[in-house]
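The chain contents come next:
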Amino acid sequence: MTNFPRTCPASLSSWALAASARAKASTGPDPLIALGERELQVLARLALGHRNRAIAQELHISESTVKFHLAKILTKPGVESRGEAAALFHTVA
């Protein structure tokens, strides 16, 4: 299991980007490569079990924007649910 910060939002963003970089360096394609920086930030918080409202507050964006990013997160790697997206993030990271 990967150790990742549970309380420090500032380091969470850098952790998500570092996890994506590690995945790029590993063998095999990175299923999260198509995601942008903000989408990775949203996904990292989703993987921690945060709800849309909490994600919006932490990232200083609206809940509608979180929903927009989540729709892109589900579409780009081809997952069908929030749970699948979180599991994929944990697998790659």
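The structure we're discussing is the one just above.
Predicted model only: the values in this text are computed from it and were never measured.

*Asks:* Run through the overall build of the protein chain, naming residues and quoting values.
*Replies:* The helix and strand inventory of the protein chain stands at five helices and zero strands. When the helices and strands of the protein chain are listed from N to C terminus, the series reads α-α-α-α-α. Classification of the 93 residues of the protein chain by burial places 41% in the buried group. A total of about 5300 Å² of accessible surface is found on the protein chain, and carbon and sulfur atoms cover 55% of it.

*Asks:* With reference to specific residues and values, describe unusual backbone geometry.
*Replies:* In the Ramachandran plot, histidine 60 falls in the positive-phi region, its phi being about 60 degrees despite a non-glycine side chain. Mapped onto the elements of the fold, histidine 60 is located in the loop between α3 (52-59) and α4 (63-75).

*Asks:* Tell me about the side chain of asparagine 52, and name the residues and values.
*Replies:* Topologically, asparagine 52 is positioned in helix α3. With relative accessibility at 15%, the residue asparagine 52 sits in the buried group. Side chain to side chain, asparagine 52 and arginine 82 meet in a polar contact 2.7 Å long. When near neighbours in sequence (up to four residues on either side) are disregarded, asparagine 52 contacts Glu63, Val66, Lys67, Leu70 and Arg82.

*Asks:* Requested: an account of α3, with residues and values cited.
*Replies:* Residues Asn52, Ile55, Ala56 and Leu59 constitute the buried set of α3. In an axial view of α3, the angular spread of the buried residues amounts to 100 degrees, which keeps them on one side of the axis. Those residues of α3 that are exposed and aimed more than 90 degrees away from the buried face are Arg53 and Gln57. Remark: histidine 60 follows α3 within two positions and exhibits a positive phi of approximately 60 degrees.

*Asks:* Pulling in residues and values, what's your account of the nonpolar core?
*Replies:* Grouped together as the largest cluster of nonpolar side chains are 22 residues, with contacts concentrated most on Leu32, Val42, Leu43, Val66, Ile73 and Phe89. Among the elements that make up this core, the one with the highest residue count is helix α2 (residues 37-47) (six residues).

*Asks:* Hey, could you go over the pattern of salt bridges for me, with residue numbers and the actual values?
*Replies:* Overall, the coordinates contain three salt bridges when judged by the stated rule. Between lysine 76 and glutamate 39 there is a salt bridge; the shortest N-O distance is 3.0 Å. Here glutamate 39 lies in helix α2 and lysine 76 lies in the loop between α4 and α5 (82-92), a separation of 37 residues in the sequence. A relative accessible area of 39% means that lysine 76 is categorised as partly exposed. When the shortest N-O distance is used, the salt bridge between arginine 53 and glutamate 63 registers 3.2 Å.

Rules and cut-offs
Residues numbered from 1 in each chain as written. Predicted model: local features only at pLDDT ≥ 70, side-chain atom pairs only at ≥ 80, totals over all residues. Heavy atoms only, no water. Helix = DSSP H or I, 4+ residues; strand = E, 2+ residues; numbered from the N terminus. Buried < 20%, exposed > 50% of the residue type's maximum accessible area, 1.4 Å probe, protein only. Areas by Shrake-Rupley, 256 points an atom, 1.4 Å probe, with all protein chains shown as cover. Polar contact = N/O pair within 3.5 Å; in protein donor to acceptor, adjacent residues only side chain to side chain. Contact = heavy atoms within 4.5 Å. Arc of directions from axis to C-beta. Core = buried A, V, L, I, M, F, W, Y, C linked by side-chain atoms within 4.5 Å. Salt bridge = Lys/Arg side-chain N within 4 Å of Asp/Glu carboxyl O.

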